Amino acid sequence: MTMRVGVIGAGWIGQEHIRRLTETVTGAQVTAVTDIDAARAEEAAARVGARVFASGGELIAANDVDAVLVTSWGPTHAEHVLAAIAAGKPVFCEKPLATTVEDCLRIVEAEMAHGRRLVQVGFMRRYDQGYRQMKQAIDSGRIGEPLMVHCAHRNPSVPESYTSDMAALDSAVHEIDVLRWLLDDEIVSAQVVLPRSTSKRYPHLKDPQIMLFETAKGVRIDLEVFVNCQYGYDIQCETVGEKGLVRLPDPATVGVRTAGQHSTEVLTDWVGRFADAFDTEFREWISNLAAGNEPTGPSAWDGYAATVISNATVEARKSGRTVDMDMKPRPAFYTTRSAS
C-alpha cells in the first residue's frame, strides 16, 4: 500500500522531507503541498508531481491525502495537527508539537478523544543507531541502574537571530526528549548555570549554558549547550550506571596520519550527523501506517513533556533558581502504547 502524504510547509526542512519521502522511503508518495509562500509551494510540488493547495485545511481534507506532514512555522503546528486529528488522519509534526503548553494539551486531549494514536513528533534522535545501541545497553541492565548522564550539544556557530531561549527550546529539546526515552524516566526539575561567555557569540546571547536536570528516579543529568564552539557539530552523551557506563559513539570517519599528526574529521552540521536517523524515522513511520498500525515514535504526550521541560529550563535560566516541572500525570492512553 502506498501512503499518500500531504506536506504543510515547503521551507528547507519541508523540501528535504519531500525529497526523502520521494527518493529514499519506499511506500510513500507526496501528493499535496502547501506553504504560505505560494511560489515556493508550486516549485516544491512540481518536482514530485504533487498538487498545490491554498491552505493546510484544504490539504488535510483532500481525498488523495492519507497522512499529513507538518513542517511549517512552529506557531502554526497546533492548528494543523488538530485539523488532522479532526479528519482522522495520521500526522507527523516536526518539533515543536506546539509552542505553548496549553496547545500541546489541546492536542493530547483531542487525540485521546479520537481513541487512537495519530500523532508522531519529529524527535529523530530516537532513530539514531548510536542512541539505540545505548538504550539497548541500559535496558539490558549491563551497566546497572543509571546514576548520572553527561551530555554536550555543540554547534560551530549560530546566526544573530539565535536567542538565549533557543538554547533550551531549539537545541536542548532534542536531549530532553532522547534522555526521557533512554532512561524511561521523567525529568522533574531544571537548573541553568552560566559559565564565562565565549567572545565568539553575538552580544545578546548567553553561550555556553550548563543545564542541570533531575529525574523522578534521582538520576542527575548535566548538559552543556555551546552553540559557538567553532570547531564543529559535536553531540556527546555518556550514561554512568552502578556497574559501568555506556557512551554514544562518534560518527565513523577514517583516521588520517600525515605530517606527524593523526586526525579524524569532525562534522560541521546536524544534517550530516543525523541524516540516517531521519531516513529511519520516516521509513518506520510510513511502514507502520501502511500496515494499518498506529505510529510508534515520539507521541503527542512526548511533545507536551518536551515543551513543559524546555519552557521550565528557560525560566530556570532567567530566574537563577531550580524550577520544578508543572506536568500533568501521564494518561494511561500513552502508557499502554509503545514508543520507538
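Whatever comes next refers back to the structure up there.
This one's a predicted model, so the numbers in the text were calculated from it and none came from an experiment. (Residues numbered from 1 in each chain as written. Predicted model: local features only at pLDDT ≥ 70, side-chain atom pairs only at ≥ 80, totals over all residues. Heavy atoms only, no water.)

### Considerations on the overall build of the protein
Note the following rule: Strands are runs of DSSP state E lasting at least 2 residues, helices are runs of H or I lasting at least 4, and numbering of each runs from the N terminus. Radius of gyration here uses only the C-alpha atoms, and the compact-globule reference equals 2.2 Å multiplied by the residue count raised to the power 0.38. The classification of residues rests on relative accessible area computed with a 1.4 Å probe and restricted to protein chains. Under 20% of the type maximum is buried, over 50% is exposed, and intermediate values are partly exposed. For this analysis, residues touch if any pair of their heavy atoms sits within 4.5 Å. Charged residues are defined here as Lys and Arg on the positive side and Asp and Glu on the negative side; His and the ends of the chain fall outside this count. Charged side chains are reduced to one point each, which is NZ for Lys, CZ for Arg, CG for Asp and CD for Glu.
Along the protein, the regular secondary structure elements total 10 helices and 15 strands. Taking 20 Å as the expected radius of gyration for a compact globule of 340 residues, we find that the protein reaches 20 Å, a close match to that expectation. In terms of overall dimensions, the protein has C-alpha extents of about 55 × 55 × 40 Å along its principal axes. The 340 residues of the protein split such that 53% are buried. Taking the intrachain contacts of the protein between residues at least 6 apart in sequence as the baseline, contacts between residues at least 24 apart amount to 74%. Looking at the protein, you have 35 positive and 45 negative side-chain charges, and the mean spots of the two groups are 3 Å apart.

### Quick look at helix H2 (residues 38–48)
What counts, and what does not: Within this analysis, the arc is defined by the directions that extend from the helix axis to the C-beta atoms. Any N or O atom pair separated by 3.5 Å or less is treated as a polar contact, with the protein-specific requirement of one donor-capable and one acceptor-capable atom, and with residues adjacent in sequence counted only for side-chain atom pairs.
Listed in full, the buried residues belonging to H2 are Ala41, Ala44 and Ala45. Along the axis of H2, the buried residues cluster in a sector spanning 95°; they form a single face. Pointing more than 90 degrees away from the buried face of H2 are the exposed residues Ala39, Ala46 and Arg47. The inward-facing, buried residues of H2 contact helix H1 (12–23), strand S2 (28–34) and strand S3 (51–52). Measuring from the side-chain oxygen of the N-cap residue of H2 to the backbone nitrogen of Ala39 gives 3.1 Å; that N-cap residue is Asp37.

### A word on the packing of helix H4 (residues 77–86) against helix H5 (residues 101–114)
The condition that has to hold: Geometry is summarised by axes, namely lines fitted to C-alpha atoms with helices restricted to the contacting stretch, and by angles between N-to-C directions that run from 0 to 180 degrees. If an angle is under 35 degrees, it is roughly parallel; if it is over 145, roughly antiparallel; if it lies from 65 to 115, roughly perpendicular; otherwise it is oblique.
The interhelical angle for the contact between H4 and H5, taken along N-to-C directions, is 5°, at an axis separation of 10 Å. When the axes of H4 and H5 are compared, the pair comes out roughly parallel. Along the contact surface, H4 presents Ala78, Val81, Leu82 and Ile85, while H5 presents Asp103, Arg106, Ile107, Ala110, Glu111 and His114.

### So, the side chain of Ser310
Examined against the element boundaries, Ser310 turns out to sit in helix H9 (residues 300–319). Of note is the side chain of Ser310, whose polar atom sits 3.3 Å from the backbone oxygen of Thr307. Not counting residues up to four positions away in its chain, the partners in contact with Ser310 are Ala168, Leu169, Val173 and Ile176.

### Some remarks on the sheet that holds strand S8 (residues 187–193)
In plain terms, the rule: DSSP calls a pair of strands paired once it identifies at least 2 bridges connecting them.
The seven strands lie next to each other as S12-S11-S7-S10-S9-S8-S15, forming an open sheet whose pairing is mixed. In this open sheet, the two edge strands, each paired with only one partner strand, are strand S12 (245–247) and strand S15 (323–324). Its contacts with the sheet place helix H6 (residues 129–139) against strand S7 (146–154), strand S11 (234–241) and S12, and it is angled at close to 5° to S11.

### Brief notes about the layout of surface pockets
Empty space among the atoms can be located by rolling a probe the size of a water molecule over them. Our working definition: Throughout, the protein atoms alone are placed on a 1 Å grid, and a set of points is a cavity if a 1.4 Å probe fits but cannot get out or a pocket if it is open with protein on both sides within 12 Å along at least five of seven lines; lining residues have an atom within 4 Å of a point. Grid points are joined across faces, edges and corners, and a volume is the space filled by probe spheres set on the points.
What the second largest pocket holds in volume is close to 340 Å³. Lining the second largest pocket are 17 residues; nearest its centre among them are Asp128, Gln129, Gly130, Arg273 and Asp276. For the lining of the second largest pocket, the secondary structure elements donating two or more residues are H6 and helix H8 (270–290). No other element matches H8, which puts seven residues into the lining of the second largest pocket.

### Considering the pairing of S2
Which entries qualify depends on this criterion: When the strands point away from the viewer, a crossover counts as right-handed if the path from the first strand over the helix to the second runs clockwise.
For S2, the tally of buried residues reaches six of seven residues, placing the bulk of the element in the interior. As judged from the six bridges shared by strand S1 (residues 3–8) and S2, these two strands associate in the parallel manner. Bridged to Met3 within S2 is Ala28. With H1 bridging S1 and the parallel S2, this β-α-β connection has right-handed handedness. As judged from the two bridges shared by S2 and S3, these two strands associate in the parallel manner.

### Considering the sheet that holds S1
Reading across the sheet, the six strands line up as S3-S2-S1-S4-S5-S6 and stay open at both edges, with parallel pairing between neighbours. Each of the sheet's edge strands pairs with one partner strand only, and the pair in question is S3 and strand S6 (119–121). Examined bridge by bridge, strand S5 (residues 91–93) and S6 share three bridges and lie parallel to one another. Pairing of Cys93 across the sheet is with Val121, part of S6.

### Things to note about the nonpolar core
Note that soluble globular proteins tend to have their nonpolar side chains buried in a common cluster. Stated formally: Put simply, buried Ala, Val, Leu, Ile, Met, Phe, Trp, Tyr and Cys residues joined by side-chain atoms within 4.5 Å make one nonpolar core.
Formed by 81 residues in total, the largest nonpolar core has its most connected members in Ile107, Val119, Tyr131, Met211, Phe213 and Cys237. Excluding residues that lie within four positions of it along the chain, Val119 makes contacts with Val81, Ile85, Val91, Leu97, Ile107, Glu111, Pro295, Pro298, Ser299 and Ala300. In terms of nonpolar packing, the next biggest core, distinct from the first, is built from 21 residues, Ile18, Ala41, Ala50 and Phe282 among them.

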